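# Results of the structural survey
Chain residues, written in single-letter form:
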Amino acid sequence: MGIAIFLAGFIFESSTEVSRWNFTTFFDSCKYSFLIGILLFAFFTANNYRHRFQKSESFELRNNNKEEDEILININSNLKKESLTFRANEFLFVTSDGNYAIFYLYRNNEIKKVSIRNSISKIEKQLSEFPNFFRCHRAFIVNINKVVTKKGNALGYLLNIANCDIKVPVSRQKVKIFDSLLNKTTH
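Residues numbered from 1 in each chain as written. Predicted model: local features only at pLDDT ≥ 70, side-chain atom pairs only at ≥ 80, totals over all residues. Heavy atoms only, no water.

### Notes on the packing of aromatic side chains
- Enumeration over the complete set of coordinates arrives at 10 aromatic pairs.
- Pairing Phe93 with Phe140 gives two aromatic rings, centres 6.1 Å apart and planes at 45°, and the pair type is tilted. Here Phe93 is found in strand S4 (residues 91-97), whereas its partner Phe140 is found in strand S8 (residues 140-143), with 47 residues between them in sequence. For the residue pair Phe93 and Phe140, the accessibility class agrees, reading buried in each case.
- The rings of Phe86, Phe91, Phe103, Phe130 and Phe133 are connected pair by pair, giving a single aromatic cluster. (Phe/Tyr/Trp six-rings, centres within 6.5 Å; stacked < 30°, edge-to-face > 60°. Helix = DSSP H or I, 4+ residues; strand = E, 2+ residues; numbered from the N terminus. Buried < 20%, exposed > 50% of the residue type's maximum accessible area, 1.4 Å probe, protein only.)

### So, the sheet that holds S4
- With antiparallel pairing, five strands are arranged side by side in an open sheet as S6-S5-S4-S8-S7. Taken across any chain shown, the strands that pair with only one partner, and hence form the sheet edges, are strand S6 (110-117) and strand S7 (133-137). Across this sheet, the average inter-strand angle for adjacent strands is 20°, counted without regard to direction. (Pairing = 2+ DSSP bridges. Axes fitted to C-alpha atoms, helices over the stretch in contact; angles between N-to-C directions.)

### Observations concerning the pattern of salt bridges
- Following the criterion strictly, the structure yields five salt bridges and no others.
- The closest approach of N and O atoms between Asp28 and Lys31, which form a salt bridge, is 3.9 Å. Highlighted residues: Asp28 and Lys31, both in helix H2 (residues 23-48), separated by three residues, approximately one helical turn.
- The exposure class of Asp28 is partly exposed, given its relative accessible area of 31%.
- With relative accessibility at 41%, the residue Lys31 sits in the partly exposed group.
- In this structure, Arg135 and Glu124 form a salt bridge, with 3.0 Å as the shortest nitrogen-oxygen distance. Residue Arg135 is located in strand S7, and its partner Glu124 is located in helix H4 (residues 120-126); the two are separated by 11 residues in the primary sequence.
- Owing to a relative accessible area of 31%, Glu124 belongs among the partly exposed residues under this scheme. (Salt bridge = Lys/Arg side-chain N within 4 Å of Asp/Glu carboxyl O.)

### As for unusual backbone geometry
- With phi around 50°, Asn108 is a residue other than glycine that occupies positive phi space.
- Tracing the backbone shows Asn108 in the loop between strand S5 (100-107) and S6.

### Observations concerning the nonpolar core
- Counting residues in hydrophobic clusters, the biggest one holds 21 residues, and the most contacted among them are Phe93, Leu159, Ile161 and Phe178.
- At the level of secondary structure, the elements contributing two or more residues to this core comprise S4, S5, S7, S8, strand S10 (156-161), strand S11 (167-170) and helix H5 (175-186).
- Among the elements that take part in this core, H5 stands out by supplying four residues, more than any other. (Core = buried A, V, L, I, M, F, W, Y, C linked by side-chain atoms within 4.5 Å.)

### Describing the pairing of S11
- Across four bridges, the pairing between S10 and S11 is antiparallel. For Asn160, the partnering residue across the bridge sits in S11 and is Lys167.
- In this antiparallel pair of consecutive strands, S10 and S11, the connection spans five residues, and Asn163 shows a positive phi of 65°.

### Remarks on the side chain of Lys150
- Take Lys150: it is sitting in strand S9 (residues 147-153).
- Since its relative accessible area comes to 6%, Lys150 is described here as buried.
- Reaching out from Lys150, the side chain makes a polar contact with the side chain of Tyr157 at a distance of 3.4 Å.
- At a separation of 2.6 Å, a polar atom in the side chain of Lys150 contacts the side chain of Asp179. (Polar contact = N/O pair within 3.5 Å; in protein donor to acceptor, adjacent residues only side chain to side chain.)

### Some words on H2
- With 26 residues, H2 extends 37 Å between its outermost C-alpha atoms, agreeing within 8% with the 38 Å of an ideal straight helix rising 1.5 Å per residue.
- Looking only at H2, the buried set comprises Thr25, Ser29 and Ser33. (Expected span 1.5 Å × (residues − 1).)

The structure is reproduced here in structure tokens:
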């Protein structure tokens, strides 16, 4: 960069009687390009430094309520022929994929993905009577009892769900509500 600035000086400056072809001018060009680079590096480092201290919290799985094992949930589809039935404790999360919702259920020690034709908003209405199911993002509804860890800050979280490798986001608008619900279930 210093060499480029040194050579650009000959193009942009008019010729003078004093020759610029010397080491002093060359080192000045290198010094100023280094200082500009350090300033830019310091600015972007300071700007992104807050991401270095993202908190990661872990939780024990909460399934103290044995009645939850017995609760059957039935989700109806937009198509009248289609429905999905599962136990409340099997539900990990649901995500939206276009006109379909994909349910992640933990059955028989493995994750089952079941898709059903429905919007996430209609599914949220059907699941609204269950306080542990929370719409944490525009495309996700999560079972708070299945959250193992959360990582992030006030700009949003990424949740690790029990028995699942997929990270579930919590939008920044929902962070405070999510924290209050999570505190209620852990205490």
